[in-house]
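Here's the letter readout for the chains.
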Amino acid sequence: MSSRISLILLGLTGLLFAFGCSNDGVTGGSATNLAAECVDDATDLEGWLCPEPLTVECEDGGADPELIFFEPAGDTPEACENIDYALNDEGPFEVGEHEIVITAVAEGDGDEAGQVLCETTLSVVDTQAPEANDEAIELWPPNHKWHSISGDDCVQDACDGDLQVTFRSASSDEPVNDKGDGNTEPDIILECDRVQLRAERQGGSNGRVYKLGWTAVDDSGNETEGECTVVVPHDQSGREAVDDGPAYEMTLSDDECDDGTGGAGGAGGAGGVGGDDGAGGDDGSGGDDGAGGDDGTGGDDGAGGDDGAGGDDGTGGTGGVIVP
């Protein structure tokens, strides 16, 4: 990608910015526009000196090197104080290659502008893979409600704000619908572009820990794999939930995901227990806390969550897999 836009900047000899980088290295971006500065002697100069090319690492969607130096050359006056100069592009600069051109006009030459004094190339690169967010996500209170976890909750990238995140696995260190956790199921709905988790834990245990495996790709093709931790603490005393290892785990294959846009379809209820004594009715419908019967119909608290719960015909939601 090349940028060549004529923007005239006159009298910039008084502008001085800190720019600690080496000409052949990779440097980070900044928060100011690019400016040009003439120097009479660049022998001991530290900074970007035209016509040397510069490579800059992308940050927050682009890069903003602050200053490019040049020395008088050609038919221009030998002293910087006698030169007005123009820079074709101030930035910010997206990932790619950008042509940087400095033109100079000696005082007294009237309208004869546009003489190229120096030109070089600025390359903005994205070489850093996405990284996992280190802090665990906490679900509270443990009221058995669904919470949706997306890629933005788990992954970050120095350059791209919009990542392609695909969830590959999900696990819990507590069993589904065990003692003291509220008699609700399922607790996980795994989809390619998000995971729905139930906010609950066993009352007599040490908190619940969910682990979500993901793959992330940024716009430059940098790819990484990682794991996202979601916890439901036992209480609000400050004690952290303890990971006892997976009680169960589920996964999605490559065939079930299309670059994070959805899964292959979830499984509906195959027949559950309902009613106060746990017995299902003749038509398979559950009671107040029961799961679906033969036709997949769930009770008040037994159906799957939004967008991926089992339907009346037993089929799952779009792009999901439901833990039974």
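Residues numbered from 1 in each chain as written. Predicted model: local features only at pLDDT ≥ 70, side-chain atom pairs only at ≥ 80, totals over all residues. Heavy atoms only, no water.

## Looking at the pairing of strand 16 (residues 223-232)
Pairing analysis gives 2 bridges linking strand 9 (residues 137-138) to strand 16, with the strands arranged parallel. Opposite I137, over in strand 16, you have V230 as the bridge partner. In this structure, strand 15 (residues 208-217) lies alongside strand 16, joined through 10 bridges in antiparallel fashion. The partner of V209 across the bridge, within strand 16, is V231. Counted along the chain from strand 15 to the antiparallel partner strand 16, the turn is 5 residues long, and its residue G221 has a positive phi close to 90 degrees. (Pairing = 2+ DSSP bridges. Helix = DSSP H or I, 4+ residues; strand = E, 2+ residues; numbered from the N terminus.)

## Observations regarding unusual backbone geometry
Backbone torsion omega between G91 and P92 reads 0 degrees, so that peptide bond is classified as cis. For H144, which is not a glycine, the phi torsion comes out positive at approximately 70 degrees. The exposure class assigned to H144 is partly exposed, which follows from its relative accessible area of 29%. (Buried < 20%, exposed > 50% of the residue type's maximum accessible area, 1.4 Å probe, protein only.)

## As for the sheet that holds strand 12 (residues 164-172)
In spatial order, the strands read 9-16-15-12-17; together these 5 strands make up an open sheet with mixed pairing. Looking along the sheet, the strands with just one partner apiece sit at the ends: strand 9 and strand 17 (248-251). Relative to strand 17, strand 12 runs antiparallel, the two being bridged by 4 bridges. Paired with A170 across the strands is M250, a residue of strand 17.

## Structural notes on the side chain of N88
Residue position: N88 is located in the loop between strand 5 (83-87) and strand 6 (96-106). Of note is the side chain of N88, whose polar atom sits 3.0 Å from the backbone oxygen of E99. (Polar contact = N/O pair within 3.5 Å; in protein donor to acceptor, adjacent residues only side chain to side chain.)

## Concerning the nonpolar core
One recurring pattern in soluble globular proteins is that nonpolar side chains are buried together. The biggest cluster of nonpolar side chains holds 27 residues, and the ones touching the most others in it are C154, I188, V195, L197, L212, W214 and V230. Of all the secondary structure elements, the ones that give two or more residues to this core are strand 12, strand 13 (188-191), strand 14 (194-198), strand 15, strand 16 and strand 17. Broken down by element, the residue count for this core peaks at 4 residues, all from strand 15. Contacts of V195, omitting those with residues within four sequence positions, involve H147, S148, I149, F167, A170, I188, I189, L190 and L212. Core analysis: the next-biggest nonpolar cluster, separate from the first, contains 24 residues, C50, V56, A104 and L117 among them. (Core = buried A, V, L, I, M, F, W, Y, C linked by side-chain atoms within 4.5 Å. Contact = heavy atoms within 4.5 Å.)

## Side note on the pattern of salt bridges
Applying the stated criterion to the full structure yields 9 salt bridges. With its nearest N and O atoms 2.9 Å apart, the salt bridge here joins E174 to R208. Residue E174 is located in the loop between strand 12 and strand 13, and its partner R208 is located in strand 15; the two are separated by 34 residues in the primary sequence. Summarising the burial analysis for this pair, E174 and R208 share the class buried. For R198, the salt bridge is made with D187, and the minimal N-O distance between the two is 3.2 Å. One end of the pair, R198, is in strand 14; the other, D187, is in the loop between strand 12 and strand 13, with 11 residues separating them in the sequence. By relative accessible area, D187 is classed as buried at 0%. (Salt bridge = Lys/Arg side-chain N within 4 Å of Asp/Glu carboxyl O.)

## Details of the confidence of the model for the chain
On average, the chain scores 75 in pLDDT, and the residues at 70 or more come to 66%. The model gives residues 1-30 a pLDDT under 50, and that stretch makes 82 contacts with residues more than four places away or in other chains. (pLDDT = per-residue confidence, 0-100.)

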